[in-house]
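Residues per chain are reported as follows:
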Amino acid sequence: VQSFYQPSQDPGSPECLNQIYTNDAGRTPQELHQKYPAALQNMPIHVVWGTQDTVTPLAGPVGQFYRGLADGKNSPVSMVEVNAGHIPFDEV
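Residues numbered from 1 in each chain as written. Predicted model: local features only at pLDDT ≥ 70, side-chain atom pairs only at ≥ 80, totals over all residues. Heavy atoms only, no water.

## Here we look at the overall build of the protein chain
Step number 1: Counting its regular elements, the protein chain contains six helices and two strands.
Step number 2: Taken over C-alpha atoms, the radius of gyration comes to 16 Å for the protein chain, far larger than the 12 Å a tight globule of 92 residues would show.
Step number 3: Seen through its C-alpha atoms, the protein chain measures out along the principal axes to roughly 45 × 30 × 20 Å.
Step number 4: Pairs at least 24 apart in sequence give 57% of the contacts found in the protein chain among residues at least 6 apart.
Step number 5: In the form shown here, the protein chain has an accessible surface area of approximately 6900 Å², with 56% of it arising from carbon and sulfur atoms.
Step number 6: Treating the 4 positive side-chain charges of the protein chain as one cloud and the 9 negative ones as another, the clouds have centres 18 Å apart. (Helix = DSSP H or I, 4+ residues; strand = E, 2+ residues; numbered from the N terminus. Rg over C-alpha atoms; globule rule 2.2 N^0.38 Å. Contact = heavy atoms within 4.5 Å. Areas by Shrake-Rupley, 256 points an atom, 1.4 Å probe, with all protein chains shown as cover. Lys, Arg positive; Asp, Glu negative; His and termini not counted. Charge placed at Lys NZ, Arg CZ, Asp CG, Glu CD.)

## Observations regarding the nonpolar core
Step number 1: Judged by nonpolar contacts, Ile45, Val47, Trp49, Leu58, Val62, Tyr66, Val77 and Met79 together constitute the single largest core of eight residues.
Step number 2: Those elements that provide at least two residues to this core are strand S1 (45–50), helix H5 (61–71) and strand S2 (77–82).
Step number 3: Looking at which element gives the most residues to this core, the answer is S1, with three residues. (Core = buried A, V, L, I, M, F, W, Y, C linked by side-chain atoms within 4.5 Å. Buried < 20%, exposed > 50% of the residue type's maximum accessible area, 1.4 Å probe, protein only.)

## Describing the side chain of histidine 33
Step number 1: Locating histidine 33 in the fold gives a position in helix H3 (residues 29–35).
Step number 2: Sequence-distant contacts of histidine 33, that is, excluding residues within four places in its chain, are made with Leu40, Ile45, Phe65, Tyr66 and Leu69.

## Examining the environment of leucine 69
Step number 1: In this fold, leucine 69 is placed in helix H5.
Step number 2: When the C-alpha atoms of leucine 69 and valine 48 are compared, they prove to be 13 Å apart, with 21 residues separating the residues in sequence.
Step number 3: When near neighbours in sequence (up to four residues on either side) are disregarded, leucine 69 contacts His33, Ser75 and Val77.

## With respect to the pairing of S2
Step number 1: Judged from the six bridges that link them, S1 and S2 form a sheet pairing that is parallel. If you follow tryptophan 49 over to S2, its bridge partner there is glutamate 81.
Step number 2: For the handedness criterion, the β-α-β arrangement of S1, H5 and S2 is classed as right-handed. (Pairing = 2+ DSSP bridges. Right-handed = clockwise from strand over helix to strand, strands pointing away.)

## Digging into the packing of aromatic side chains
Step number 1: Inspection of the entire model under this criterion finds one aromatic pair.
Step number 2: Note on phenylalanine 65 and tyrosine 66: the rings are 5.2 Å apart at their centroids and 75° apart in plane angle, and the pair reads as edge-to-face.
Step number 3: Tyrosine 66 gets classed as buried once you look at its relative accessible area, which sits at 12%. (Phe/Tyr/Trp six-rings, centres within 6.5 Å; stacked < 30°, edge-to-face > 60°.)

## With respect to a nonpolar patch on the surface
Step number 1: On the surface, a cluster of nonpolar side chains totalling about 360 Å² of accessible area is made up of Leu17, Ile20 and Tyr21.
Step number 2: Among the structural elements, isoleucine 20 can be located in helix H2 (residues 13–22).
Step number 3: Classification of isoleucine 20 as exposed rests on a relative accessible area of 54%. (Patch = residues over 30% accessible without salt bridge, like charges linked within 9 Å, V, L, I, M, F, W, Y side chains within 5 Å. Salt bridge = Lys/Arg side-chain N within 4 Å of Asp/Glu carboxyl O.)

By themselves, these figures tell us nothing about what the structure is for.
See below:
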């Protein structure tokens, strides 16, 4: 809880959080890979995914998309699943 509360006390944080939750999320990873295949087909991507993530679950479309890329033969995408939620680097 403290890891979420403390940053909210920083100057400008309410405005920042408001933008995160109200702005357009932009293109999905699937759309970006489709739009820029030449740039992304050989780009190394290492994904760390929390198996307890309820915001973007591994079983959801984005998680399955990256799992599929990571499972591909000669793929530059690798994926590690950790026992954590949405922000594994704060939890593990």
